[in-house]
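Structure at a glance
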Amino acid sequence: MSVLSDDPRYGGIVEPFDSSLFHIAALEGRGNGLIANKFIPAGTLLFREFPMVQNTSEKQCLSVDCCLWCANKIVGEPAHCCSGCKLNFCSGSCQELAAKGGHKWLCSLYGMGGLIERLAAGDRQGNVILALKLYGKVAQLVLEDSSISPDAALDTLLQGLQQEDYCRVVHAFRTGMFGDQVDEDMFNNLIAPAYFRATLEGPLESFRAHFASPEMVGLWGSVERADSFIHSKLFTEDITLRNIVGCYMQNALEVSTRSPAPLSVFQDATATATATARGPPATITGKGLYRMYAMLNHSCDCNTQNDISSEPGQSSSVVLVYTRRDVQPHEELTTTYLHVADGRALSRRKRHRALKQYTFACNCSVCETEYMSLPEAERDLSDSDDSSDDSSDD
């Protein structure tokens, strides 16, 4: 399969994008990236995308007033979940999409006191629940096509995405150390197991218990197919869940919708998005994995910005990506992973500190220019002294 599968079961673009505008390329040291094929004027819509996997806040995902699939406020008669979770969808199409996304595997976990609620209590960023939803999506893909193994389905879903071990991401965020700075023996034998036990071991045991329950075995139609799923790497290899959660931490996009007043342009990457939701005023905070959007690499002076669809009947989770300035032929299309619209508003030191959870040191044109402008004696200090206060930015 290609980097982005054409099979709609694996997620992807909501509407066909103009393939003459850009292409996907493997970039040395940067994973996959999007490269402009020609001059693209500022304000050009590059693509629309619906998330492969998404999750709304605990309050909204357990609310009967919001669509469980697209997160919009429900106006009129809802479509009720026929599997018994007592939650609603705004339309039959959303209910169908949820079914294809594996909802029936997780249906019994919703509701007060269910696993979703318990996970949400300790999963502030929503990455573990996103992982659980990916498990459900894999189960549905395998159920529909017995020729696909669980391992192959998972690999296809994550194909082309930047993947990183959750334990390495957390370690980089907490210590500032990644790559060659990490003592591998100590990390593998002491640090990573400690992070896993503290955060992911319990959820993995819950995932395993749920999918091995009589109710889930019954959905497979045979014990043999159920056993094949339970004995896949999803449940037998700790590193699989670590990589899935790490993938979300590095690629997922946070989304908020507010009504009634629409705000069209918002902060990029992991920053909060704002748009219009249908029905009475409501705020919905969520997170989704967008496969094409995830291929936009970071720059502190990015050339794209994103918006969320506010068209009637269109899911608020659909992300629209535009050029924020003119883009030249062969120029890489970039976003920002910082929680500000313009990364140049922060000092180089603060930008690098914020980016360490992504396990790379930014060398974009803005960072390189600032680095070269420093006296040589101060260059190493600006890279290493991250614990000191940076009063110049305050």
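Residues numbered from 1 in each chain as written. Predicted model: local features only at pLDDT ≥ 70, side-chain atom pairs only at ≥ 80, totals over all residues. Heavy atoms only, no water.

1. Considerations on the overall build of the protein chain
When its secondary structure is counted, the protein chain shows 16 helices and 13 strands. Intrachain contacts of the protein chain at a sequence separation of at least 6 include 68% that bridge at least 24 residues. Accessible surface, the protein chain as shown: approximately 17600 Å² in total, 52% of it carbon and sulfur. (Helix = DSSP H or I, 4+ residues; strand = E, 2+ residues; numbered from the N terminus. Contact = heavy atoms within 4.5 Å. Areas by Shrake-Rupley, 256 points an atom, 1.4 Å probe, with all protein chains shown as cover.)

2. Looking at the pattern of salt bridges
Under the counting rule described, the total for this entry stands at seven salt bridges. When the shortest N-O distance is used, the salt bridge between Lys233 and Asp155 registers 2.8 Å. Of the two residues, Lys233 sits in helix α12 (residues 233-236) while Asp155 sits in helix α6 (residues 150-158), which places them 78 residues apart along the sequence. One salt bridge connects Arg242 with Asp165, and the closest N-O pair in it is separated by 2.5 Å. Here the residue Arg242 occupies a position in helix α13 (residues 238-251), and Asp165 occupies one in the loop between α6 and α7 (166-175), the gap between them amounting to 77 residues. No difference in accessibility class separates Arg242 from Asp165, as the two residues are buried. (Salt bridge = Lys/Arg side-chain N within 4 Å of Asp/Glu carboxyl O. Buried < 20%, exposed > 50% of the residue type's maximum accessible area, 1.4 Å probe, protein only.)

3. Some details on the packing of aromatic side chains
A complete count under the given rule lists 13 aromatic pairs for this structure. Here Tyr135 and Phe211 contribute two aromatic rings whose centre-to-centre distance is 6.5 Å and whose plane-to-plane angle is 40°, an arrangement assigned as tilted. Here Tyr135 is found in helix α5 (residues 127-144), whereas its partner Phe211 is found in helix α9 (residues 201-211), with 76 residues between them in sequence. Here Tyr337 and Phe360 contribute two aromatic rings whose centre-to-centre distance is 6.2 Å and whose plane-to-plane angle is 80°, an arrangement assigned as edge-to-face. Linking Tyr337 in the loop between β13 (332-335) and α14 (348-355) with Phe360 in the loop between α14 and α15 (365-373), this pair joins segments that are 23 residues apart in sequence. Taken together, the ring pairs in this structure connect Trp105, Tyr135, Phe207, Phe211, Trp220, Phe229 and Phe235 into an aromatic cluster. (Phe/Tyr/Trp six-rings, centres within 6.5 Å; stacked < 30°, edge-to-face > 60°.)

4. Looking at the sheet that holds strand β2 (residues 22-27)
One open sheet accounts for four strands, arranged β2-β3-β13-β10; its pairing is mixed. The sheet is open, and its two edges are formed by β2 and β10 (297-298), each paired on a single side. Inspection of the sheet shows β10 paired to β13 by two bridges, in the parallel sense. Bridging from a neighbouring strand, Asn297 pairs with Thr334 of β13. (Pairing = 2+ DSSP bridges.)

5. Looking at the pairing of β13
Going residue by residue along β13, you find Glu332 and Thr334 tucked away on one face and Leu333 and Thr335 tucked away on the opposite face as well. Here strand β3 (residues 31-36) runs beside β13; their pairing, made up of two bridges, is antiparallel. Counterpart to Ile35 in the pairing with β13 is Glu332.

6. With respect to helix α8 (residues 184-199)
Taking the largest bend as the criterion, α8 deviates by roughly 35°, centred on Ile191, and proline Pro193 comes between one and four positions later. Looking at α8, one finds that the buried residues are Phe187, Ile191, Ala192, Tyr195 and Phe196. At the N-terminal boundary of α8, the capping side chain belongs to Asp183, with an oxygen 3.2 Å from the backbone nitrogen of Asp185. (Bend = angle between axes of the 7 residues up to and from the residue. Polar contact = N/O pair within 3.5 Å; in protein donor to acceptor, adjacent residues only side chain to side chain.)

7. Quick word on a negative patch on the surface
A contiguous patch of negative charge, built from Glu201, Glu205, Glu237 and Asp238, is present on the exposed surface. Counting through the fold element by element, Asp238 comes out in helix α13. Using a relative accessible area of 35% as the deciding quantity, one classes Asp238 as partly exposed. (Patch = residues over 30% accessible without salt bridge, like charges linked within 9 Å, V, L, I, M, F, W, Y side chains within 5 Å. Lys, Arg positive; Asp, Glu negative; His and termini not counted. Charge placed at Lys NZ, Arg CZ, Asp CG, Glu CD.)

8. Structural notes on the side chain of Asn303
If you trace the backbone, Asn303 turns up in the loop between β10 and β11 (304-308). For Asn303, a relative accessible area of 0% puts it in the buried group. Side chain to side chain, Asn303 and Glu331 meet in a polar contact 3.1 Å long. At a separation of 2.8 Å, a polar atom in the side chain of Asn303 contacts the main-chain amide nitrogen of Thr334. If we skip the residues at most four places from it in the chain, Asn303 touches Tyr322, Thr323, Arg324, Arg325, Val327, Glu331, Glu332, Leu333 and Thr334.

9. Details of unusual backbone geometry
In this structure, His330 is a non-glycine residue whose phi angle is positive, near 75°. Turning to its location among the elements, His330 is positioned in the loop between β12 (319-323) and β13. Of note in this structure, Thr359 is not a glycine but carries a positive phi near 55°. Classification of Thr359 by relative accessible area gives buried; the value is 19%.

10. Focus on the packing of α5 against α9
Closest axis-to-axis distance for the α5/α9 pair is 11 Å, and the angle between their directions is 30°. The angle between α5 and α9 places the two elements in the roughly parallel class. Here α5 and α9 pass one another in a crossing that is right-handed. On α9, the residues touching Val128, Ala131, Leu132, Tyr135, Gly136 and Ala139 of α5 are Pro203, Leu204, Phe207 and Phe211. By residue class, the composition of the contact of α5 with α9 is nine nonpolar, one polar and no charged. (Axes fitted to C-alpha atoms, helices over the stretch in contact; angles between N-to-C directions. Parallel < 35°, antiparallel > 145°, perpendicular 65-115°, else oblique. Left-handed = near helix turned anticlockwise from the far one by under 90°. Nonpolar A, V, L, I, M, F, W, Y, C, P; charged D, E, K, R; others polar.)

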